[in-house]
Amino acid sequence: MTLNEALIRTIVGIANFEKGKAYYQSSAVKDARKRGNRLMADVEGSQLQPYQVTITLSDIRSNMLSEDSISTARCTCPYANSAENYCKHIAAVLITYVRAPAAFEIRPEAGALLKTLSLEHLQTLWQTLLTQQPDMLDWLETAVVALTTNPQPSAVPSTKRPPSIDVKAYRRQITNILRGVDYSRPYQTISGITEQLQEMENQARVFLEAGDGKNALTILSVIAEEVIPKYENLEDETQLSDYLYSWSNAMAEAILSIELSLEEKKKLQEQLDDWSNTLADYGSEESVALAQSALDSSSPENLDQTDWADRAEWGHDELTELRLKIAERTQDAELYLAMCLQAGAHLRYAQKLVALGRTTDAHEYALHSLTRTEDALVLAQAFQALSANQQAYEMGVYGLTLAGYKYNLGKWLAVYAESLGKNEASLKGWQAAFNERCDLEIYGHIKRLSGTGWPTLQPTIMRNLEAIAARSDIRPLIEVLLSEGSVDRAIAIWDNSRWKHHTLLAELVDAASATHPNWAIHQLLEQASSEIERGSTHYGAAAAWLKRLKAVYVQHARLAEWTICIEGIRATNSRKRSLLPLLSGL
């Protein structure tokens, strides 16, 4: 399976997909290049300078394609950093990658470039870079400390003092990050800022993983001291607030992992209250609530081992999860398992058994204890990683009987079961996934695996698709009808529905133009006229629809009619100077 247009449509949204496709069709994507899993390109838009797009892909070779197939996507346009996150320029680059991958020049990754250099050459390169960008020196200093921090905490407390960190270096680095904000237009810059702040937070998490909560707490406090007082000027929509929730989680973990003196606790309490009060003016005080709760609760490091194992009430909340996360790093395995049992943390308990190689125990426990589909998938994948194939398979089958969203588990089980020759279970997995999210590809798998049972199964599937079309979304039904060659019925569904999407119309017209040219001509002309009426920013999309319209006329040898049509459009819009050049090639 590869990245495909159906997935792109899901990720960027229908409107952006259609606009991105128009950009692709008008050859607006320029200087496309690919470095490893990173796509970069310029997209010509409404401004004089093209917009710069950078997309980092996940491992799209996986059979588990999802919205997570894109790790990050950034564009320099004013709209890329909204809550929707993905703009039409990003859509254009993704569509180009799917439709014309050869357009991307393959360039070496940074690792490949650096691999050929000697230590002396690397040092020279860094010296040159730091001379040109001296602000990076603080980043380098903090990064080196994080990289050289011991990542393996011991269950036995270390007698060594934690390494000293330069607080001023971290503060300067955060200050440099915030300098990248244009306070007059934070909308365009805040996403990049929060990503850099997340990198700073990740450095604190390195110390947490190494059992050094003190230094982690110091770094996280510096972040808050520099960011929260500037919240009013930095925030746009909820991006900074969303980041602070992540920060608060790390802060809570740091607090729970160390023993604070009464004086330290009082000072930190005052800071947290001050930050909460500042954020309360903007309705975002909940962003730091978890850190406040952690400070109010008893630190697990103050409890002896008996208290950990015998604690009767844990509470199923974020603090419990953090305590167990800390315990997994710092306590011996049997004590940690006892803690999980006391806390009712069934997935954690089973995961630890798997990590200890006790797969049979983990399997038996999970079959009686797990209650959520999502947890069953996590454990099934853990079994799979150890090549415990039968246990992985049985856990996947069991997960389908549990409560929860079954799309991801269904797809995983379908692929995994078929690889084991268990086609009946594979069919059940695809059906479970299809019930959650109707998809033409999944429909094809169900049809393929059902064999002689397909004539009985298909009517049930079609009734479900018709019910969905009546409620909200006609796309799944029309796509399935087109795949089965039922163009007449697909057109009837479109004509009688209120839920119409431009991208779906393009697919329907392509399928219907050969047998229903007049219908296709009417739809395309109506769509192009609508885009023209919406203004100059939509002229590119209008030209794309007209290009499709011409193709229908050509397909049926009706060029004379096309000439009359396009001349009429030019005459009607003769004063729209930015539109006319787009029509010249038609």
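Presented here is a report on the structure given in the accompanying data block. (Residues numbered from 1 in each chain as written. Predicted model: local features only at pLDDT ≥ 70, side-chain atom pairs only at ≥ 80, totals over all residues. Heavy atoms only, no water.)

Take the environment of S472 next. Within the element layout of this structure, S472 appears in the loop between α24 (454-471) and α25 (475-483). Separated by 25 residues in sequence, S472 and S497 have C-alpha atoms that sit 9.1 Å apart. (Helix = DSSP H or I, 4+ residues; strand = E, 2+ residues; numbered from the N terminus.)

The subject of this paragraph is the packing of helix α9 (residues 213-227) against helix α11 (residues 239-256). Contact pair α9 / α11: the axes reach a minimum separation of 9 Å and the direction vectors enclose 150°. Between α9 and α11, the angle falls in the class roughly antiparallel. For the crossing formed where α9 meets α11, the hand is left-handed. In this structure, α9 contributes G213, A216, L217, L220, S221, I223, A224 and V227 to the contact, and α11 contributes L240, Y243, W247, A250, M251, A254 and I255. (Axes fitted to C-alpha atoms, helices over the stretch in contact; angles between N-to-C directions. Parallel < 35°, antiparallel > 145°, perpendicular 65-115°, else oblique. Left-handed = near helix turned anticlockwise from the far one by under 90°. Contact = heavy atoms within 4.5 Å.)

In terms of burial, strand β3 (residues 51-57) is a largely internal element, five of the seven residues being buried. Note that strand β2 (residues 38-43) and β3 share six bridges and pair antiparallel. Residue pairing in the sheet places L39 in a bridge with I55 of β3. The sheet contact formed by β3 and strand β4 (residues 70-75) spans five bridges and is antiparallel. In the strand pairing of β4, L57 is matched with I70. (Buried < 20%, exposed > 50% of the residue type's maximum accessible area, 1.4 Å probe, protein only. Pairing = 2+ DSSP bridges.)

A separate point is the packing of aromatic side chains. Taken as a whole and assessed by the stated rule, the structure comprises nine aromatic pairs. Taking 5.4 Å as the distance between ring centres and 35° as the angle between the ring planes, the aromatic pair formed by Y231 and Y282 counts as tilted. Of this pair, Y231 sits in helix α10 (residues 231-234) while Y282 sits in the loop between α12 (262-280) and α13 (289-296), and the two are 51 residues apart along the sequence. A ring pair is formed by Y443 and W454, whose centres lie 5.4 Å apart and whose planes are at 75°; its orientation type is edge-to-face. Of this pair, Y443 sits in helix α23 (residues 440-450) while W454 is found in helix α24, placing the two residues eleven residues apart along the sequence. Here the aromatic residues F434, Y443 and W454 are joined through ring pairs into a cluster of three or more. Sitting over the ring of Y393, K422 keeps its end group 4.8 Å from the ring centre. Residue placement shows R437 over the ring face of Y407; its charged tip is 4.0 Å from the ring centre. (Phe/Tyr/Trp six-rings, centres within 6.5 Å; stacked < 30°, edge-to-face > 60°. Lys NZ or Arg CZ within 6 Å of the ring centre and 35° of its normal.)

If you look at the biggest cluster of nonpolar residues, it comprises 52 residues, and the most contacted ones within it are I446, W519 and L546. Counting residues per element, this core draws most heavily on helix α29 (residues 539-555), at seven residues. Apart from residues lying up to four places away in sequence, I446 is in contact with L427, W430, Q431, F434, W454, L457 and I461. Counting residues in hydrophobic clusters, the runner-up holds 47 residues, among them F207, L234, L244 and A254. (Core = buried A, V, L, I, M, F, W, Y, C linked by side-chain atoms within 4.5 Å.)

Before going further, it helps to spend a moment on the environment of D281. Tracing the sequence through the fold places D281 in the loop between α12 and α13. Along the sequence, D281 and E232 sit 49 residues apart, while their C-alpha atoms lie 9.0 Å from each other.

On to the pattern of salt bridges, then. Scanning the entire structure with this criterion turns up 27 salt bridges. In this structure, the salt-bridge partner of E321 is R348, at a minimum N-O distance of 3.1 Å. In this pair, E321 sits in helix α15 (residues 318-330) while R348 sits in helix α17 (residues 346-355), placing the two residues 27 residues apart along the sequence. With relative accessibility at 15%, the residue R348 sits in the buried group. Among the ionic pairs, R475 bridges to E507, the shortest N-O distance being 3.2 Å. With R475 in helix α25 and E507 in helix α27 (residues 502-512), this residue pair connects regions lying 32 residues apart in the sequence. (Salt bridge = Lys/Arg side-chain N within 4 Å of Asp/Glu carboxyl O.)

A few words now on a nonpolar patch on the surface. The grouping of L113, L114 and L125 at the surface amounts to a nonpolar patch, some 260 Å² of accessible area in total. With respect to the helices and strands, L114 occurs in helix α4 (residues 110-115). L114 gets classed as partly exposed once you look at its relative accessible area, which sits at 39%. (Patch = residues over 30% accessible without salt bridge, like charges linked within 9 Å, V, L, I, M, F, W, Y side chains within 5 Å. Areas by Shrake-Rupley, 256 points an atom, 1.4 Å probe, with all protein chains shown as cover.)

Those residues of helix α18 (residues 359-369) not exposed but buried are T359, A362, H363, Y365, A366 and S369. Contacts from the buried residues of α18 go to α16 (333-343), α17, α19 (373-385) and α20 (389-399).

Turning our attention to a negative patch on the surface. Taken together, the side chains of E270, D273, D274 and D296 make up a negatively charged region of the molecular surface. Counting residues per element, the negative patch draws most heavily on α12, which supplies three residues. When you line up the elements, D296 lands in helix α13. (Lys, Arg positive; Asp, Glu negative; His and termini not counted. Charge placed at Lys NZ, Arg CZ, Asp CG, Glu CD.)

Moving on, we come to the pairing of β2. Within a regular beta strand, the side chains point alternately toward one face of the sheet and then the other, so they alternate between its two faces. Judged by how many residues are buried, β2 sits mostly within the fold: five of six residues are covered. Summarising the sheet, strand β1 (residues 29-35) and β2 pair through five bridges and their orientation is antiparallel. Paired with R35 across the two strands is R38, which belongs to β2.

Within the chain, S387 stands out as a residue other than glycine whose phi angle is a positive 60°. Mapping S387 onto the fold places it in the loop between α19 and α20. Its relative accessible area of 57% is what places S387 among the exposed residues. You will see that A557, though not glycine, has its phi angle at about 55°, which is positive. One can find A557 in the loop between α29 and α30 (559-572). When its relative accessible area of 71% is taken as the criterion, A557 is described as exposed.

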